[in-house]
Amino acid sequence: MALTERTEEDKIEVVGTFKHVQVRTATVIERGSNEISRTYHRHVLAPDADITGQSAEVQAICNAAWTQAVKDAWAAHLAEQEEK
Amino acid sequence: MSSKLIVDTIEDATGTYSLALGSGNSTFPGGIHIGGTGSANLLDDYEEGEHTATITTGSGTVTLTSGGSTLYYTKVGRLVSVVGTLRVSSVSSPSGTCTVSLPFTSFSPSTGEGQVGGFVTPNLVNSGNNNEVAIELGESASSLNLYKSGTASLADAGNIFQANTTLRMNFCYFTA
């Protein structure tokens, strides 16, 4: 039976005060229905991130989590960090 | 008289939790308490993986090679260890601040800035710079900051890059 490879965003988390969106993408190798291996790739999206290249599901979560208040708070936080 | 029950695996009805006593792997989705039963004693996550890093400068751009943008991480509880070597393929007048993206958001302590420990060693840097760089991680950050060190005060590191510059990275930090 042939091996197949697929990727899936198997964990999308909204974390912290500023609602960073953490995305875990799993690459799954399978023989039929048996999983042979699973490896992970991670990336993080801050509230000022360009999300045009993200999946529709990630975009929807970002748009729901990143209210204007969150974006403003994040911008203020960055400005504060800049001053330190 | 003692008795003995020999089993290979103990598993719940759904197969979600399992304890392999012989060969094989045990599964504890909720984590394991070690040394106590409080939340501070709960080891609830372990993960190995990769992150495709990007370098962002205040102005200009730094582009990494396709094979030279991978950072490798291991997360145990809230501690993330990251290693890898970033390789620059090309630049376009980079200057100013310099950040490197992270696989997880940093935590936000009640006092002080987020902490990071480790080393970043640049090689083949742009002329006029040395290879001394300090790393800093802010609170709730998705990228760490690089600064030129080796002088009285830290300075923005955006202009250290040129084609073929490498950054050997090895650092740890806490997640959100």
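Residues numbered from 1 in each chain as written. Chains lettered and ligands numbered in written order. Predicted model: local features only at pLDDT ≥ 70, side-chain atom pairs only at ≥ 80, totals over all residues. Heavy atoms only, no water.

K.L.:
How do you make sense of the environment of N63(A) when you look at a structure like this?
P.N.:
With respect to the secondary-structure elements, N63(A) resides in helix 1 (residues 56–65). Separated by 10 residues in sequence, N63(A) and A73(A) place their C-alpha atoms 15 Å apart. (Helix = DSSP H or I, 4+ residues; strand = E, 2+ residues; numbered from the N terminus.)

K.L.:
I keep staring at the interface of chain A and chain B and nothing clicks. Help me out?
P.N.:
The figure often quoted for interface size is the accessible area lost as the parts come together. The interface of chain A with chain B comprises 16 residues on the first partner and 19 residues on the second. Of the roughly 1400 Å² buried where chain A meets chain B, counting both sides, 45% is carbon and sulfur surface. Here chain A is connected to chain B by two salt bridges. Of the charged contacts in the structure, one is a salt bridge between E47(B) and R42(A), with a shortest N-O distance of 2.8 Å. Here chain A is connected to chain B by nine residue pairs in polar contact (both at pLDDT 80 or more). Taken together, the elements giving at least two residues each to the side of chain A that touches chain B come down to strand 2 (20–31), strand 3 (34–45) and helix 2 (68–83) of chain A. Here the side of chain A that touches chain B gets five residues from one element, more than from any other, and that element is strand 3 of chain A. Considering only residue class, the side of chain A that touches chain B consists of six nonpolar, six polar and four charged. Where strand 3 of chain A and strand 5 (residues 46–52) of chain B come together, two bridges link them in parallel fashion. Paired with H41(A) across the two strands is E50(B), which belongs to strand 5 of chain B. (Contact = heavy atoms within 4.5 Å. Buried area = accessible area lost by both parts, 1.4 Å probe. Salt bridge = Lys/Arg side-chain N within 4 Å of Asp/Glu carboxyl O. Polar contact = N/O pair within 3.5 Å; in protein donor to acceptor, adjacent residues only side chain to side chain. Nonpolar A, V, L, I, M, F, W, Y, C, P; charged D, E, K, R; others polar. Pairing = 2+ DSSP bridges.)

K.L.:
Got a minute to help me understand the nonpolar core in this structure?
P.N.:
Generally speaking, a soluble globular protein has its nonpolar side chains buried in company with each other. Residues I55(B), L86(B), V100(B), L144(B), L146(B), F161(B) and M169(B) are the most contacted members of the largest nonpolar core, which totals 32 residues. A per-element tally of this core places strand 8 (residues 79–101) of chain B first, with six residues. Not counting residues up to four positions away in its chain, the partners in contact with L86(B) are A53(B), I55(B), L64(B), G68(B), S69(B), T70(B), L71(B), V100(B), T165(B), T166(B), L167(B) and M169(B). Listed in part, the nine residues of the second largest apolar core include V21(A), L45(A), I51(A) and V70(A). (Core = buried A, V, L, I, M, F, W, Y, C linked by side-chain atoms within 4.5 Å. Buried < 20%, exposed > 50% of the residue type's maximum accessible area, 1.4 Å probe, protein only.)

K.L.:
Would you mind showing me how to read a nonpolar patch on the surface here?
P.N.:
All names here are of chain B. Residues L5, V7, I10, L19, L21, F28, I32, I34, L43, Y46 and V76 make up a contiguous nonpolar surface patch of about 1000 Å² in total accessible area. The topology assignment puts I34 in the loop between strand 3 (32–33) and strand 4 (42–43). Under the relative-accessibility criterion, I34 is labelled exposed at 52%. (Patch = residues over 30% accessible without salt bridge, like charges linked within 9 Å, V, L, I, M, F, W, Y side chains within 5 Å. Areas by Shrake-Rupley, 256 points an atom, 1.4 Å probe, with all protein chains shown as cover.)

K.L.:
I would appreciate a short explanation of unusual backbone geometry in the present structure.
P.N.:
The phi torsion of most residues other than glycine is negative, and most of the peptide bonds are trans. Residues and elements named next belong to chain B. In this model, S93 sits at a positive phi of 45°, which is unusual for a non-glycine residue. Along the polypeptide, S93 turns up in strand 8. Judged by relative accessible area, S93 falls into the exposed class, the value being 62%. At L124, a residue that is not glycine, the phi angle is positive and equals roughly 55°. Looking at the secondary structure, you find L124 in the loop between strand 9 (116–123) and strand 10 (133–136).

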